[in-house]
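# A structural walkthrough
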Amino acid sequence: MRLGAGKALLLVCLTLFVLCAAATAQESPRVVKLDVIGNRIATPSLILGVAAIDLGSPLTPTAVQESIHRLYSLGIFRDVRVDAEEITGGLHVFIVVSELPKLAGLDFEGNDKISDDDLREKLNLGVGGYISPYLVYQKNEEILDRYANKGYFQAEVTPELDYNADSTEATLTYRIKERSKVKVEHVEIIGNERVEDGDLVGKMRNRKRGFLRSSDFAQDKFEEDLEKIVEEYNKRGFIDAYVVDDSMSIDSVRNRMTIYITVYEGPEYYFGNVTFAENDVLPEKLLKDKLKFEEGEVFNGEVYQESLFELYTAYQEIGHLHVRINDERTTRSDSILDITYTIGEGLPSQINMVRIVGNTRTKDHVIRREMSLLPGMTFNRSLLIRSVRDVMALNYFANVEPVPLDLPNGDVDLEYRIEEKQTGQVSAGAGYNSQDKVVGTLGMGIPNFRGMGQSLSFNVEFGSNRNSFSLSFTEPWLFGRPTSLGTDLYSINRRWYDEYTEARQGGAIRLGRRLRWPDNYFRVYAAYRLERTRYDDFDDSFVAQNSFNVYNYIESNGFSGWQPRDSVASDGMVVWNADSLAVEQLGPYPGSILEYNEEWNAASRISLTILRDSRNLPEFATKGSRLSYTFEQTGGPLGGYWEYQKHQLEVAKFIPLWGNLAIAAKTEFGAIRAPQGDNRILLSDRFTPGGTAYDGIVRGYDDGELTPDSTVSQGDTVYYYIDPSGSPDSTVLPGGFRTRVRGKYMWVTNIELQFPVIPQQLYLLGFFDAGNAWLNHTDINTRMKLYKSVGFGFRLLVPGIGTIGFDFGYPLDEFYGNDKQSWKPHFQVGTTFR
C-alpha cells in the first residue's frame, strides 16, 4: 500500500522524535544515592519528602529548581542548593541546606508611648519560631506603622539580632527612637468654591486645635476626617462631592504637618416633589408629616436619612417590621431632586415568644412584669422601647438589648439579652464629714433580694456624733399587682453642730401604686410614720445663746426690788414670773429646743407623694424628666406633740447635648406651715441646705450651713415692774446673740454637665448650685438671697458599694462668719439627681 508524500514525511518526523527522546533519557544519569547536608533541626525525612528528587529518577534542571523552591517555601532555611557527583551506576545527589535561626527572645528598647505588650501583640512573633531577614524587616515596618497611627511620624526603629554560639538561635531587639508627635499646623482645602475652609476643617479631628485640645495627628482618624468633609458637603446639598486627593508634608525640624485635601464640589441640589407609591395601610398625608424637609429647601443628606428612618418607624409602630422602602431620586432642572418612595408594606408581625437570656440572678417573672410588649400582641416599636426603659429602671442590669428574631411566617420572637450588674451592697468601714466627724459603718443593702426584686437593707453607724440602726424591707409587686408595700424601723442618735443631741426612734409602713392616668409614667406613694423624738445634752454656749438671765441683767443696771412681768414682751420674748425662777436661772427664748425639757415627744405623720418619672436611666439619665410633689401632715387629727404640714416640690430635666454629653437640671422648693407655732415643728424636718449631707445640695459650703439665724439685736425691749402697783418700766437687751434655727422655706437649684468616661461606670461632671433657706415667707420677698457655687467632680459606680462621688465646690457668695472663699471638697454616696 503506497502512502502519500505528506503522510510519509510525518511518519519520518515522529520516528526521529521518539529516537531522540530515548537517546536523551539514556544520556541523563539516574539518582542512585540521595543525602541531606547542613540540617540541624529539620529532619532528613522532612527535607527529602518535600524535595522533587527521587531515587531512580533522572536528575533534570526542572526537578532541581522545583526542589529548591519547595524547600524555601517552608520558611526555615536561609540557603538551599543541590550538588551531585558521579558514582557507579548513576549520581550521588546532595541537598545542602543552611537553617534559619530560631527566635530565642523578643525585646524592645526606647519605647515609652507604646508598651511592650502592645508591640508584641501587634507583631505576633512567637518564641521558638524561625526568623528570616525579610520577616525582621516586615515587623520593623509594622512597628513604624503603629507609631505613625499614633502620630509619631518621626519615629526610628532599628532591628538587631544577637546569635548564640552555634547561630541556631537569636534574640531580636528593636531599638526605638520615638521622638515627639507630629502636630497639625494647617489644613489646606483645594477646589472648594462655595463652602468655606473653616466649615470643612472644623469637622475634622486632625486640625490645629485650641488651648487644652491636642493638635497631634491621629492616623486612625484621618479616613474618618475625609468622610466628614463629604458628609458636610452632603448636608449642604452637594451630593456629588467627593475627595479627589489628599497628601501631607512634614517639617521635620519643627515637627509640624500641613495636610492638603483636594475636593470636587459639584452642583448644589434642592428638595423637589415627594410622592409615595403602593402605600395602602398608611395614608400619604401621615407619611408626609413624618418627613423632616420641605420642598424647595437645600438638600441635606443627614435630614434625608432621618426622614427615611421616620418612615420605617411609622410602619414599625403598627407592626410592619418587614416593610421595604425604595427611595428613587430623579433630577429636574439640573439641581432639583424629586423623590419617590415606593413602599412594600408587608403584613404586621405578631409577637410569638419572649425569651430572656443572661439573667443569672434575677428571676424571669421580675423582668417580664416590667414589659409592655407581650406574646400575642402586634409588634410596636414604642412599646419595645418602653419595655427596655422599664427593665433598665430596675437598676439591676448593666445593659438590656432586645433582638427581634424573624420566623418563617413573618412573625417574630423577642429575645432580651440581659447583662446583670452587681446590686448587693455590703459596707464596712468608716467615713468622715464636717457634721458627723468620723463614723464607722456596717451594713448591707440587697435591692434584688433572692432575685425577686424585693429590697432588704439594714445599716448600723457608730461614732462620737452619730449612732444609728435601721432596717427596711420593700415588696414592689404585692400579690402580683403593681402595688408596693414596705416597712421601716430605725433608731438614731445624732449630735448636731456640737450643740445638742437629737434622738429619734420609730417605724413606718409604706404603700405605692403605678398609675395608668394621666399616663403610665405616674406613681403614687403613701406612708404612715410613728416616732418619738428627744433633744438633750445641750452645750453650755448653746444654752447661753438661746437664753437670757433677766435677773442679773436688770439688777446690774441698778434696779433693785423689781418684779418681772408675767407676759410676752413686744419682741416676743417671754419674761418669766419671778416666783418660778431662781436667781441665776436662764430662761429660753420662745421656739428654742430648750423648751422641750429633754422629754420624749411623739410625732404621728402621714405622707402622700405623686411622682412622674420618664428618665431613660435610673442613674445618669440623658433624656426624660422627673416631677414629684410630697405632702406630709404631722400631728393635728393624727395626734402627737408635733403639729405641722410640709410641702416639697421637685422638678428635674435631662437633656442630651452632643455625643455622650448631657445636661441635668433640678430645682426643689419646700415649705412648712405650723398652725400651733414654730415650736411644734420637729427640728430635723426643717430645711438645712448646704454641702451634700442633708436635704439641699449646695456644694462649696459646709453641710447644713445655709440656715437662717435668730439674732437678738441691740434695742430689743424687755418690760418689768419696779413697783407692782405702778406702771411697767422697760430696758433694752444686749445684742449679738446668734443661733441657727433652720428654715421653714427652702429653694435649691442644681445644674450638672455630665460626661461618661466609661458609660454606667465612670463620669466626670461640672456643676452650678444655688440655694438658701428662710425662717418666714416674708423673708423670701425681702431677703431673696441665693448662695451660689461652681465646681467639678466625678462619680464612680463600684460593685458592692454603689455610686460614690467626690466634688470640689467654690462658693461665689460670702456666708455669715465665713469671709474666706476657697475650694471645698465634698464626698457623697449616690448622685445629685436621685
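Anyway, here's the lowdown on the structure attached to this text. (Residues numbered from 1 in each chain as written. Predicted model: local features only at pLDDT ≥ 70, side-chain atom pairs only at ≥ 80, totals over all residues. Heavy atoms only, no water.)

## Some points on the pattern of salt bridges
Rule in force here: Criterion for a salt bridge: a side-chain nitrogen of Lys or Arg within 4 Å of a carboxyl oxygen of Asp or Glu. Put simply, DSSP H or I for four residues or longer makes a helix, DSSP E for two residues or longer makes a strand, and each gets a number counted from the N terminus. Using a 1.4 Å probe on the protein chains alone, a residue whose accessible area is under 20% of its type maximum counts as buried, one over 50% counts as exposed, and one in between counts as partly exposed.
Counted under the stated rule, the structure contains 47 salt bridges. Across the pair Lys285 and Asp289 runs a salt bridge whose closest N-O atoms are separated by 3.4 Å. Taken together, the residues Lys285 and Asp289, both in helix 8 (residues 284-290) and 4 residues apart, mark about one turn of the helix. Across the pair, exposure class does not vary: Lys285 and Asp289 are exposed alike. Taken together, the shared-partner salt bridges in this structure form one network comprising Arg386, Arg389, Asp390, Asp613, Arg615, Arg626 and Glu650.

## Here we look at the sheet that holds strand 5 (residues 156-163)
Definition in use: Paired strands, as defined in this entry, are two strands with at least two bridges between them according to DSSP. Helix axes use the C-alpha atoms of the stretch in contact, all axes being lines fitted to C-alpha atoms, and the angles between their N-to-C directions lie in the range 0 to 180 degrees. Every residue pair with non-hydrogen atoms within 4.5 Å of one another is taken to be in contact.
Reading across from one edge, 4-6-5 is the order of the 3 strands in this open sheet, with mixed pairing throughout. At either margin of the open sheet sits one strand with a lone partner, and together these are strand 4 (102-109) and strand 5. Sheet twist, expressed as the average angle between the axes of neighbouring strands with direction ignored, equals 20°. Sheet topology places strand 4 next to strand 6 (residues 169-177); 7 bridges connect them, and they run parallel. Bridge assignment links Glu109 to a residue of strand 6, and that residue is Arg175. Docked against the sheet, helix 4 (residues 116-123) engages strand 4 and strand 6, running at close to 135° with respect to strand 4.

## Details of the pairing of strand 29 (residues 624-634)
Burial within strand 29 is extensive, with 8 of its 11 residues counted as buried. Across 9 bridges, strand 28 (residues 601-613) lies against strand 29 in antiparallel orientation. Across the sheet, residue Ser607 finds its bridge partner in strand 29, namely Glu632. In this sheet, strand 30 (residues 644-656) lies alongside strand 29 in antiparallel orientation, the contact comprising 11 bridges. What sits directly across from Tyr629, in strand 30, is Leu649.

## What to know about the sheet that holds strand 9 (residues 256-264)
With mixed pairing, the 3 strands of this open sheet are ordered in space as 7-9-8. Each edge of the open sheet is held by one strand with a lone partner, namely strand 7 (183-190) and strand 8 (242-251). Across the sheet, the mean angle from the axis of one strand to that of its neighbour is 20°, orientation sign disregarded. As judged from the 9 bridges shared by strand 8 and strand 9, these two strands associate in the antiparallel manner. Opposite Ser247, over in strand 9, you have Tyr260 as the bridge partner.

## Brief notes about a negative patch on the surface
To keep it simple, the criterion reads: Residues enter a patch when their relative accessible area is above 30% and they make no salt bridge; the linking distance is 9 Å between like charges and 5 Å between nonpolar side chains (Val, Leu, Ile, Met, Phe, Trp, Tyr). The Shrake-Rupley method, run with a 1.4 Å probe sphere, supplies the accessible areas, and residue values consider only the shown protein chains as cover. Charge assignment in this entry is limited to Lys and Arg as positive and Asp and Glu as negative, and neither His nor the chain termini are counted. Working definition for charges: the position is that of NZ of Lys, CZ of Arg, CG of Asp or CD of Glu.
A cluster of acidic residues, Glu223, Glu227, Glu231, Asp245 and Asp246, forms a negative patch at the surface. For the negative patch, the secondary structure elements donating two or more residues are helix 7 (222-235) and strand 8. Here the element with the most residues in the negative patch is helix 7; it accounts for 3 residues. Here Asp246 is to be found in strand 8.

## Description of the packing of aromatic side chains
Each aromatic ring pair is specified by the distance between its two centres and by the angle formed by the two planes. Cut-off, in case you're wondering: The aromatic pairing rule takes the rings of Phe, Tyr and Trp, using the six-membered ring of Trp, and pairs them if the centres are within 6.5 Å, calling planes under 30 degrees apart stacked, those over 60 edge-to-face and the rest tilted.
Using the criterion set out here, one finds 22 aromatic pairs in the structure. With a centroid separation of 6.2 Å and an interplanar angle of 15°, the aromatic rings of Phe108 and Tyr174 are classed as stacked. With Phe108 in strand 4 and Tyr174 in strand 6, this pair connects stretches of sequence that are 66 residues apart. Per residue, the accessibility class of Phe108 equals that of Tyr174, and both read buried. Residues Tyr233 and Phe238 carry aromatic rings whose centres are separated by 5.6 Å and whose planes lie at 90° to one another, so their mutual orientation is edge-to-face. Overall, Tyr233 belongs to the buried group, its relative accessible area being 1%. Here the aromatic residues Phe271, Phe276, Phe293, Phe299, Tyr304 and Tyr341 are joined through ring pairs into a cluster of three or more.

## Some remarks on helix 9 (residues 301-316)
For clarity, the threshold we go by: A helix is expected to span 1.5 Å multiplied by its residue count minus one.
The first and last C-alpha atoms of helix 9 sit 23 Å apart over 16 residues, in line with the 22 Å expected at 1.5 Å per residue. Residues of helix 9 that are buried make contact with helix 7, strand 10 (270-277), helix 8, strand 11 (324-332), strand 12 (336-344) and helix 11 (381-393).

## Focus on the packing of helix 4 against helix 5 (residues 133-149)
Threshold: For classification purposes, an angle smaller than 35 degrees is called roughly parallel, one larger than 145 roughly antiparallel, one from 65 to 115 roughly perpendicular, and anything else oblique. If you view the pair so one helix is near and one far, a crossing is left-handed when the near helix is turned anticlockwise from the far one by less than a right angle, and right-handed when it is turned clockwise. Note on residue classes: Ala, Val, Leu, Ile, Met, Phe, Trp, Tyr, Cys and Pro are nonpolar, Asp, Glu, Lys and Arg are charged, and everything else, Gly too, is polar.
It is the contact of helix 4 with helix 5, at a shortest axis distance of 10 Å, that shows an interaxial angle of 125°. Our classification of the angle between helix 4 and helix 5 gives oblique. Helix-helix and strand crossings are classified by hand; for helix 4 and helix 5 the assignment is right-handed. Where helix 4 abuts helix 5, its residues Asp118, Leu119, Lys122 and Leu123 lie against Lys139, Glu142, Ile143 and Arg146. A class-by-class count of the residues in the contact of helix 4 with helix 5 yields 3 nonpolar, no polar and 5 charged.

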